[in-house]
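Chain by chain, the residues run as shown.
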Amino acid sequence: MNMKIGIVCYPTFGGSGVLATELGMALSDKGYEVHFITYEQPVRLTQSFHPNIYFHEVKVPTYPLFDFPPYETALASAMVNVILNQNLDILHLHYAIPHASAAYFARQILKKSGRDIPFITTLHGTDITLVGRDTTYAPVVTFSINESDAITAVSDNLREETLRFFNIEKEITVIPNFVDIKRFHQTDKDHFKQMLAPDNERILVHVSNFRAVKRVKDVIRIFEKIKKEIPSKLLMIGDGPDRQNAEDLAREMGIYNDVRFLGKQEQISEILSIADLFILPSQTESFGLSALEAMACNVPLISTNAGGLPEINIEGKTGFLSDVGDIESMAKNAIYILSDDERLAKFKTAAIAQARRFEKQHIIPQYEKLYSDVIKAYRS
Ligand code: GMT
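## Regarding the overall build of the chain
(1) Moving on: Counting its regular elements, the chain contains 14 helices and 13 strands.
(2) Moving on: For 380 residues, the compact-globule estimate of 2.2 N^0.38 gives 21 Å, and the chain sits close to it at 21 Å.
(3) Moving on: Each of the three principal axes of the chain carries a C-alpha extent, and together these read 70 × 45 × 40 Å.
(4) Moving on: Buried residues in the chain amount to 58% of all 380 residues.
(5) Moving on: Summed over all atoms, the accessible surface of the chain reaches about 16,400 Å², with 49% contributed by carbon and sulfur.

Printed below as a string of structure tokens:
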């Protein structure tokens, strides 16, 4: 079935926006027409041109009267315009609020003009585990999920959490995150390695948006323990509210010279290519896309056992999992992996093998099938 698909997401460096953009690019490569509706060009969309992809910017006019410019209203209006003018077949919302809730509004408007299309909501985590459960938003989250024609969650754990905390009347299909191994794989970047680790030190990497949930100070504390045993360097990629705290801690601990805070980076796979270990000590993580992208570049994982992480990180094979905040255990496991070349090589091989299970060609057809099933059911 040839489909025109609308995708609504956050355009930022966050996992949900990245995943939605990767999905749109993969669908366009398969010949579908994809329309992104969001307030800025999604980050990964800027990296290459796709002739089947259209970007519709949501503009939010500000008036002195508004303390809070009504983004949701502007978004619903943009959805109505794009659905009507581009003749979309389906709308895919990434996040319950404000995207699925705005889509509900848009549909009520469309119904008045005798035109309506189905919509699918993908739950990514923050909208459920952190924001959604807040009583301020819970009624709207529950309602907009239930009004969706299909619901997907990015891990079994997120599906269970959603069913546990919200009164969901519909089936939730699990479609995990995916990785494009043609773009995310290890390449020869030895010249970078030479510059960053001139004495052949091990290289550890953390990638995130430095929100509290990522526990970036734990990354620094873990690294400080590893460094005492193994010559190593740490690369901190990304930016966000806790970056300064992490930098301050690295200075206080006297390890700042061995940590590089590189900020937001677009060519993550080039950095991952020189990494020996990825550290993700999150408080919760519905899937952990950044870890999957690292594994695709042959990088084993030291993580917590929170959320959906046990669904990608296999204990003792692709890495190790510890309780949230257990810095001792995470450092000990990291030292175990890094202290022996042969052992490290085995973990690297297992990491890439595990990443292949989540390769985009296995996952994209699951979305295509869902779209066409939903459209057929809607039209029948
Ligand atoms: O992890 C973040 O801070 C970004 C976050 C988001 O809401 O965009 O990512 C979430 O969605 C990703 C894609 O599905 C998942 O891989 C991340 O695990 C998930 N983050 C959390 O659950 C904290």
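## So, the packing of aromatic side chains
(1) Moving on: Counting across every chain of the model gives eight aromatic pairs.
(2) Moving on: Here the aromatic rings of Tyr104 and Phe143 are separated by 4.7 Å at their centres, their planes lie at 85°, and the arrangement is edge-to-face. Taken together, the positions of Tyr104 in helix 3 (residues 96-112) and Phe143 in helix 5 (residues 138-147) put the pair 39 residues apart, joining distant regions of the chain.
(3) Moving on: Of the residues examined, Phe143 reaches a relative accessible area of 39% and is grouped as partly exposed.
(4) Moving on: Aromatic side chains Phe320 and Tyr336 sit 5.9 Å apart centroid to centroid with 75° between the ring planes, which places their arrangement in the edge-to-face category. With Phe320 in strand 13 (residues 319-322) and Tyr336 in helix 12 (residues 327-338), this pair connects stretches of sequence that are 16 residues apart.
(5) Moving on: The exposure class of Phe320 is buried, given its relative accessible area of 11%.
(6) Moving on: Residue Tyr336 is classed as partly exposed on the basis of its relative accessible area of 40%.
(7) Moving on: Aromatic ring contacts, followed pair by pair, group Phe320, Tyr336 and Phe347 into a single cluster.
(8) Moving on: Here the basic side chain of Arg251 rests over the ring of Tyr256, its NZ or CZ set 4.2 Å away from the ring centre.

## Things to note about the sheet that holds strand 12 (residues 301-304)
(1) Moving on: Strand order across the open sheet formed by six strands is 10-9-8-11-12-13, with parallel pairing between neighbours. Only two strands of the sheet have a single partner each, and these edge strands are strand 10 (259-263) and strand 13. The average angle at which neighbouring strand axes cross in this sheet is 20°, direction not considered.
(2) Moving on: Taken together, the four bridges between strand 9 (residues 232-237) and strand 10 define a ladder with parallel strand orientation. Bridging from a neighbouring strand, Leu235 pairs with Arg260 of strand 10.
(3) Moving on: Contacting strand 8 (202-207), strand 9, strand 10 and strand 11 (277-280), helix 8 (residues 216-229) runs over the sheet at an angle of about 170° to strand 9.
(4) Moving on: Sitting on the sheet, helix 12 touches strand 8, strand 11, strand 12 and strand 13, and the angle it makes with strand 13 is about 170°.

## Structural notes on the pattern of salt bridges
(1) Moving on: On inspection of all chains with the given rule, the structure shows 28 salt bridges.
(2) Moving on: A salt bridge links Arg164 to Glu161; the shortest N-O distance between them is 2.7 Å. In this pair, Arg164 and Glu161 are both assigned in helix 6 (residues 156-165), three residues apart and thus about one turn of the helix distant.
(3) Moving on: For the salt bridge of Arg251 with Glu247, the shortest nitrogen-to-oxygen distance reads 3.6 Å. Within this pair, Arg251 and its partner Glu247 are both found in helix 9 (residues 243-252), separated by four residues, close to a single helical turn.
(4) Moving on: For Arg251, a relative accessible area of 43% corresponds to the partly exposed category.
(5) Moving on: Overlapping salt bridges bring together Glu22, Asp29, Arg44, Asp180, Arg183, Glu293 and Lys360 as one network.

Rules and cut-offs
- Residues numbered from 1 in each chain as written.
- Predicted model: local features only at pLDDT ≥ 70, side-chain atom pairs only at ≥ 80, totals over all residues.
- Heavy atoms only, no water.
- Helix = DSSP H or I, 4+ residues; strand = E, 2+ residues; numbered from the N terminus.
- Rg over C-alpha atoms; globule rule 2.2 N^0.38 Å.
- Buried < 20%, exposed > 50% of the residue type's maximum accessible area, 1.4 Å probe, protein only.
- Areas by Shrake-Rupley, 256 points an atom, 1.4 Å probe, with all protein chains shown as cover.
- Phe/Tyr/Trp six-rings, centres within 6.5 Å; stacked < 30°, edge-to-face > 60°.
- Lys NZ or Arg CZ within 6 Å of the ring centre and 35° of its normal.
- Pairing = 2+ DSSP bridges.
- Axes fitted to C-alpha atoms, helices over the stretch in contact; angles between N-to-C directions.
- Contact = heavy atoms within 4.5 Å.
- Salt bridge = Lys/Arg side-chain N within 4 Å of Asp/Glu carboxyl O.

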